[in-house]
Amino acid sequence: MKAWFLCDNCGKRQKLETGTVMVLEKKDAHEHEFLFGEEIKCRHCGKERIAPTPFETMRFLFKPLLEKMINKKESEIFFVNEETIIEETKRIKWKEATAYFEKKLEENPNDWVTLLRYGNTLQRNGHVNKALGVYEKVKQLNPNCVSPYVNLGNIFSHRVKEYGEKQFKEAAIENLSKAEELLFNKKGDMQTINDYDACLSEVVNNLSGLLKRNIFYEPVPLDELNGPLLEIVNPSKKMVPIHDMNEYKTIFFSIEKPVFDYWKQNSETTDETIIKNLESLKQGFDNPQNELGEQIKRSIKTTILLNKDKKEYSYGDIMSCIVRLKNLAKHHESFDGIGYLKWLERFFEGTIPQTPEEIEEYIKKEEIGHEITTKRGAQ
Ligand SMILES: [Zn+2]
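Let us look at the structure shown here. (Residues numbered from 1 in each chain as written. Predicted model: local features only at pLDDT ≥ 70, side-chain atom pairs only at ≥ 80, totals over all residues. Heavy atoms only, no water.)

Observations regarding the pairing of strand β4 (residues 32-36)
The buried count for β4 comes to four of five residues, which makes it a mostly enclosed element. Pairing analysis gives five bridges linking strand β3 (residues 21-25) to β4, with the strands arranged antiparallel. Across the sheet, Met-22 pairs through a bridge with Leu-35, a residue of β4. (Buried < 20%, exposed > 50% of the residue type's maximum accessible area, 1.4 Å probe, protein only. Helix = DSSP H or I, 4+ residues; strand = E, 2+ residues; numbered from the N terminus. Pairing = 2+ DSSP bridges.)

In structure tokens form, the structure reads like this:
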């Protein structure tokens, strides 16, 4: 949400994006303190942790009550006790949590889980610059931990969007891409990520904003995702001719993205691996033979569920797309057995040859002596 802030250094009033607003209720007085999900600093002089205007503080206190009265589901403003649960049963004041972790880290400075929680506490308390260094250290200690990539990516992308600090764009993309990859493959350590779907959706949508790509993610119900394909598509098994791949580009993308990511992580993958997997999905979609098949299956079903209000796919549509890609992979024969995968790499890099001349030159260079009749337009 947007709220008005007043800089106590340069005196300028400004409207800033707050993220979720945590209202700390204090035991003794009517006093409240506010902790924001997003970094709050003066747009004009850069002063960190500037305060909301008195009017906004009133709004933070009453808005959740009003929203409750009109039955709005969730508020971006929530009240918490001034204490937070720090260990299983131990409570500690939010304000004192950073000191608590600092002490704990003295004993064991390379405990990445404690370090991560320390970073989260710093960030929520508005000490964002300090949190950045802590997250970088967590990345060094455990490169598979998802949280630091998510948090760094979100902090940097917020700086780009809210404060126009373009110098953070590259770092934002780098961290969010890594977070997306780890979340998508469910391979990373998920410490401090409570809601996988909400996290993935934030990462994907933030990254899409930065890359200006047209992919968005809304969480889908897990039971629908885990059920058979026939329950979420039109049951017609009639195969359809695909003249223009653009017509089914979302389905093609949902297959090619996991294929590409899988290849990047498993260097021994060849076109043949992809062809076999697509063939096995054609034979028995609901029971893939291996991990790649499973990832493709989930990706296709997620796409179908996300688009169900916009387009109804039939069983035959999906099988036709699978067969079409399988044939495409077969066409891209090359000396090193990864002609199709290399083509896919160019596609994801955005450097795919477009004109017949460019395609011809590409084939001569990358895939010797093969006639290719398949032409792919930009997706
Ligand atoms: Zn200022």
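Structure's up, so let's keep going.
Overview of the sheet that holds strand β5 (residues 51-52)
Reading across from one edge, β2-β1-β5 is the order of the three strands in this open sheet, with antiparallel pairing throughout. The open sheet terminates on both sides in strands that have one partner only, identified here as β2 (13-17) and β5. Here two bridges tie strand β1 (residues 2-6) to β5, and the two strands are oriented antiparallel to one another. Directly across from Phe-5, in β5, lies its bridge partner Pro-52.

So, the pattern of salt bridges
As enumerated under the stated definition, the model contains 17 salt bridges in all. Glu-136 is paired through a salt bridge with Lys-139; the nearest N and O atoms lie 3.3 Å apart. Of this pair, Glu-136 and Lys-139 both sit in helix α4 (residues 128-141), three residues apart, which is roughly one turn of the helix. Among the residues examined, Glu-136 registers a relative accessible area of 33% and is labelled partly exposed. (Salt bridge = Lys/Arg side-chain N within 4 Å of Asp/Glu carboxyl O.)

Some details on the coordination of the zinc ion
Taken together, Cys-7 (SG), Cys-10 (SG), Cys-42 (SG) and Cys-45 (SG) make up the protein donors of the zinc ion, found 2.3 Å from the metal. Sequence positions of the donors to the zinc ion reduce to the motif C-x2-C-x31-C-x2-C. Residue Cys-10 is located in the loop between β1 and β2, and its partner Cys-42 is located in the loop between β4 and β5; the two are separated by 32 residues in the primary sequence. For Cys-10, a relative accessible area of 32% puts it in the partly exposed group. Classification of Cys-42 by relative accessible area gives buried; the value is 3%. (Donors = N, O, S within 2.8 Å, 3.2 Å for Na, K, Ca; no water.)

Topic: the side chain of Arg-124
Within the secondary structure, Arg-124 is located in helix α3 (residues 112-124). Comment: no salt bridge for buried Arg-124; closest opposite-charge side chain is Glu-38, at 9.2 Å. Reaching out from Arg-124, the side chain makes a polar contact with the side chain of Thr-20 at a distance of 2.6 Å. Beyond its immediate chain neighbours, meaning those up to four positions away, Arg-124 contacts Thr-20, Met-22, Leu-35, Phe-36, Gly-37, Phe-78 and Trp-94. (Lys, Arg positive; Asp, Glu negative; His and termini not counted. Polar contact = N/O pair within 3.5 Å; in protein donor to acceptor, adjacent residues only side chain to side chain. Contact = heavy atoms within 4.5 Å.)

A word on the nonpolar core
Of all hydrophobic cores here, the largest spans 38 residues; its most connected members are Tyr-118, Val-150 and Leu-183. Broken down by secondary-structure element, the contributors of at least two residues to this core are α2 (94-107), α3, α4, α5 (146-163), α6 (169-185) and α7 (196-211). With seven residues, α5 is the largest single contributor of residues to this core. Not counting the four nearest positions on each side in its chain, Tyr-118 is found in contact with Thr-98, Phe-101, Glu-102, Leu-105, Lys-130 and Val-134. (Core = buried A, V, L, I, M, F, W, Y, C linked by side-chain atoms within 4.5 Å.)

A look at the environment of Phe-168
Among the structural elements, Phe-168 can be located in the loop between α5 and α6. In this structure Phe-168 touches Phe-156, Arg-159 and Val-160, once residues within four positions along its chain are discounted.

Quick look at helix α9 (residues 249-265)
With 17 residues, α9 should reach 24 Å at 1.5 Å per residue; the first-to-last C-alpha distance of 24 Å fits that figure. Of all the 17 residues making up α9, 12 are buried; the element is thus mostly covered by neighbouring parts of the structure. Along α9, the positions that sit buried rather than exposed are Ile-251, Phe-252, Ser-254, Ile-255, Glu-256, Lys-257, Pro-258, Val-259, Phe-260, Asp-261, Tyr-262 and Trp-263. At its buried positions, α9 is contacted by α6, α10 (271-283), α11 (291-306), α12 (315-331) and α13 (339-349). (Expected span 1.5 Å × (residues − 1).)

With respect to α13
Listing the buried residues of α13 in full gives Gly-339, Tyr-340, Leu-341, Lys-342, Trp-343, Leu-344 and Phe-347. The secondary structure elements touched by the buried residues of α13 are α9, α10, α12 and α14 (356-366). One or two positions beyond α13, positive phi appears at Gly-350, with a value near 80°.

So, a nonpolar patch on the surface
On the surface, Met-58, Phe-62, Leu-65 and Leu-66 cluster together into a nonpolar patch covering about 400 Å² of accessible area. Positionally, Met-58 belongs in helix α1 (residues 54-69). (Patch = residues over 30% accessible without salt bridge, like charges linked within 9 Å, V, L, I, M, F, W, Y side chains within 5 Å. Areas by Shrake-Rupley, 256 points an atom, 1.4 Å probe, with all protein chains shown as cover.)

Observations regarding the packing of α9 against α13
Their axes nearest at 10 Å, the elements α9 and α13 cross at an angle of 110°. Taken together, the axes of α9 and α13 are roughly perpendicular relative to one another. Across the interface between the two elements, Phe-253, Glu-256, Lys-257, Val-259, Phe-260, Trp-263 and Lys-264 from α9 touch Tyr-340, Leu-341, Lys-342, Leu-344, Glu-345, Phe-347 and Phe-348 from α13. The class makeup of the residues in the contact of α9 with α13 is nine nonpolar, no polar and five charged. (Axes fitted to C-alpha atoms, helices over the stretch in contact; angles between N-to-C directions. Parallel < 35°, antiparallel > 145°, perpendicular 65-115°, else oblique. Nonpolar A, V, L, I, M, F, W, Y, C, P; charged D, E, K, R; others polar.)

Overview of the packing of aromatic side chains
The tally for this structure, following the rule as stated, stands at eight aromatic pairs. Where Tyr-248 meets Tyr-313, the ring centres are 6.4 Å apart and the plane angle is 40°; that geometry is what we call tilted. Here the residue Tyr-248 occupies a position in the loop between α8 (222-226) and α9, and Tyr-313 occupies one in the loop between α11 and α12, the gap between them amounting to 65 residues. Residue classification places Tyr-313 among the buried positions, given a relative accessible area of 4%. Centre to centre, the rings of Phe-260 and Trp-263 are 6.1 Å apart; their planes meet at 65°, and the pair counts as edge-to-face. You can see Phe-260 and its partner Trp-263 sitting in helix α9, three residues apart, about one turn around the helix. When its relative accessible area of 12% is taken as the criterion, Phe-260 is described as buried. Through a chain of ring-to-ring contacts, the aromatic side chains of Phe-5, Phe-34, Phe-36 and Phe-60 assemble into a single cluster. Looking at Lys-237, its charged tip hangs above the ring of Tyr-315, at a distance of 4.9 Å from the centre. Its end group placed over the ring of Phe-184, Lys-257 keeps NZ or CZ at 6.0 Å from the ring centre. (Phe/Tyr/Trp six-rings, centres within 6.5 Å; stacked < 30°, edge-to-face > 60°. Lys NZ or Arg CZ within 6 Å of the ring centre and 35° of its normal.)

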